[in-house]
Amino acid sequence: MSYELIEVSTQEAVGIIRLDRPKAYNALCNALVAELGQALDVFEADEAIGAIVLTGGEKVFAAGADIGEMLDREHADLFLDDFPYVKSHGWERLNNCRKPTIAAVSGFALGGGCEMAMACDIILASDTAKFGQPEVKIGTMPGAGGTQRLVRAIGKAKAMELCLTGRMMDAEEAEQAGLVCRVVPVDALMEEALTMAATIASHSRPVVMQIREAVEQAFETGLQAGLLFERRAFQATFNLADRKEGMSAFAEKRKPVFRHR
Ligand code: HXC
């Protein structure tokens, strides 16, 4: 598979996707998002991959959807394509990814860029990261989760302020607000993201996938339904050889050897 607007690599059990359109500040044109979808397809299908890191450049994660590409489009165009879906299935693919995804964000994550980071399971930020939904400043609004995931992550007051003013929030504020799991020095960002991803990938794949689905349920359902989902998923891990291996290894004071079954 060859890519022009992203760079794809692996490090042991971790898949790495780097948005690579620096001249346009990694603006998320259809072609780039299509490549993202293809790369996610490959990693999802690859049994050797246990976690995925999505990153950008040092100065910019992504500055949003490509404004030039959207400029002359009309409502009917967007509606018929169900933009940002259909033409490139990268957004849907990321939203539906079953393997854990970590966004390693340095520099600007704005508009669709912030939404893409939020579509990942975890955001790890460098101390230079800046998050925002500035669409209001160009006469439009978030369209890929900005008004929904941001509220769930940081609450109504702050999300409302960011979406209505277009103000950017720095990494420290994003951590305090709960948008990012941690802030690390910019030079350490990839190393930290890869270490986190490798740790996740060292665990039993089906267990990891059950856990992330259960956490996702917290956003989708009420508490009782969520607790039931979690209990059933927990019980189902007792079908796995990896569950037996993990507990036996603990009892025998050794490292578990997971076979992802
Ligand atoms: C297309 C973009 C772009 C974008 C930056 N560029 N953002 N091109 N779409 N979203 C291009 C610029 O045109 C410029 O190209 C180059 O990248 C550098 O940008 P500058 O503005 O010169 O850099 P700087 O002064 O450092 O400012 C950085 C910035 C600013 C603050 C990130 O570029 C900016 O405000 N960008 C737009 C952010 C935004 O509004 N995003 C939301 C988009 S709408 P040239 O060729 O001139 O050098 C959206 C909706 C999502 O995301 C809906 C669902 C997917």
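Residues numbered from 1 in each chain as written. Predicted model: local features only at pLDDT ≥ 70, side-chain atom pairs only at ≥ 80, totals over all residues. Heavy atoms only, no water.

How would you sum up the sheet that holds strand S8 (residues 130-132)? Please name residues and give values.
If you trace the 4 strands from one edge of the open sheet to the other, you get S4-S6-S8-S9, paired in mixed fashion. Two strands lie at the open edges of the sheet, namely strand S4 (60-62) and strand S9 (169-170), each paired on one side alone. Bridge analysis of S4 against strand S6 (residues 108-110) gives 2 bridges, and the strand direction is parallel. Bridging from a neighbouring strand, Ala62 pairs with Ala109 of S6. Where helix H5 (residues 112-119) meets the sheet, it contacts S4, S6 and S8, and its direction lies at approximately 95° from that of S6. (Pairing = 2+ DSSP bridges. Helix = DSSP H or I, 4+ residues; strand = E, 2+ residues; numbered from the N terminus. Contact = heavy atoms within 4.5 Å. Axes fitted to C-alpha atoms, helices over the stretch in contact; angles between N-to-C directions.)

A description of the side chain of Arg243 should follow, citing residues and the corresponding values.
Tracing the backbone shows Arg243 in helix H12 (residues 241-251). No salt bridge is formed by the buried Arg243. Its closest oppositely charged neighbour is Asp242, at 9.9 Å. When near neighbours in sequence (up to four residues on either side) are disregarded, Arg243 contacts Thr237 and Phe238. (Buried < 20%, exposed > 50% of the residue type's maximum accessible area, 1.4 Å probe, protein only. Lys, Arg positive; Asp, Glu negative; His and termini not counted. Salt bridge = Lys/Arg side-chain N within 4 Å of Asp/Glu carboxyl O.)

Describe the packing of H5 against helix H6 (residues 146-154), naming the residues involved and giving the relevant values.
Any two packed helices are characterised by how steeply their axes cross, that is the angle between the axes, and by the distance between the axes. At a minimum axis distance of 10 Å, the contact between H5 and H6 shows a crossing angle of 55°. Between H5 and H6, the crossing angle belongs to the class labelled oblique. Where H5 crosses over H6, the handedness of that crossing is left-handed. Between H5, through Glu115, Met118 and Ala119, and H6, the contact on the second element is made entirely by Gly146, Arg149 and Leu150. (Parallel < 35°, antiparallel > 145°, perpendicular 65-115°, else oblique. Left-handed = near helix turned anticlockwise from the far one by under 90°.)

Outline empty space enclosed by the protein, listing residues and values.
Take a probe with the size of a water molecule and roll it over the atoms, and the empty space left behind shows itself. This structure, assessed with the given rule, holds 1 cavity of 30 Å³ or more. Taken as a whole, the largest cavity spans an internal volume of roughly 40 Å³. Lining the largest cavity, in full, are Ile49, Gly50, Lys99, Pro100, Ile200, Ala201, His203, Ser204, Arg205, Val208 and Met209. Taken together, the elements giving at least two residues each to the lining of the largest cavity come down to helix H9 (189-202) and helix H10 (205-220). Taken together, the residues of the lining of the largest cavity sort by class into 6 nonpolar, 3 polar and 2 charged. (1 Å grid on protein atoms, 1.4 Å probe; cavity = no way out; pocket = protein on both sides within 12 Å on 5 of 7 lines; lining within 4 Å. Points joined across faces, edges and corners; volume = space filled by probe spheres on them. Nonpolar A, V, L, I, M, F, W, Y, C, P; charged D, E, K, R; others polar.)

Got a sec to walk through the sheet that holds strand S5 (residues 101-105)? Specific residues and values, please.
What the 6 strands build is an open sheet, ordered S1-S2-S3-S5-S7-S10; its pairing is mixed. In this open sheet, the two strands that pair with only one neighbour each are strand S1 (6-11) and strand S10 (182-184). Adjacent strand axes in the sheet meet at a mean angle of 20°, parallel and antiparallel pairs treated alike. Judged from the 6 bridges that link them, S1 and strand S2 (residues 14-19) form a sheet pairing that is antiparallel. Each residue of the ladder has a partner; that of Glu7, found in S2, is Arg18.

Describe unusual backbone geometry, listing the residues and the values that go with them.
If a residue is not glycine, its phi is most likely negative; likewise, a peptide bond is most likely trans. Residue Pro84 is bonded to the preceding Phe83 through a cis peptide linkage, with omega at 10°. Tracing the backbone shows Pro84 in the loop between helix H3 (75-81) and helix H4 (90-95). At Glu12, a residue that is not glycine, the phi angle is positive and equals roughly 50°. We note that Val86 has phi near 65°; this positive angle belongs to a residue other than glycine.

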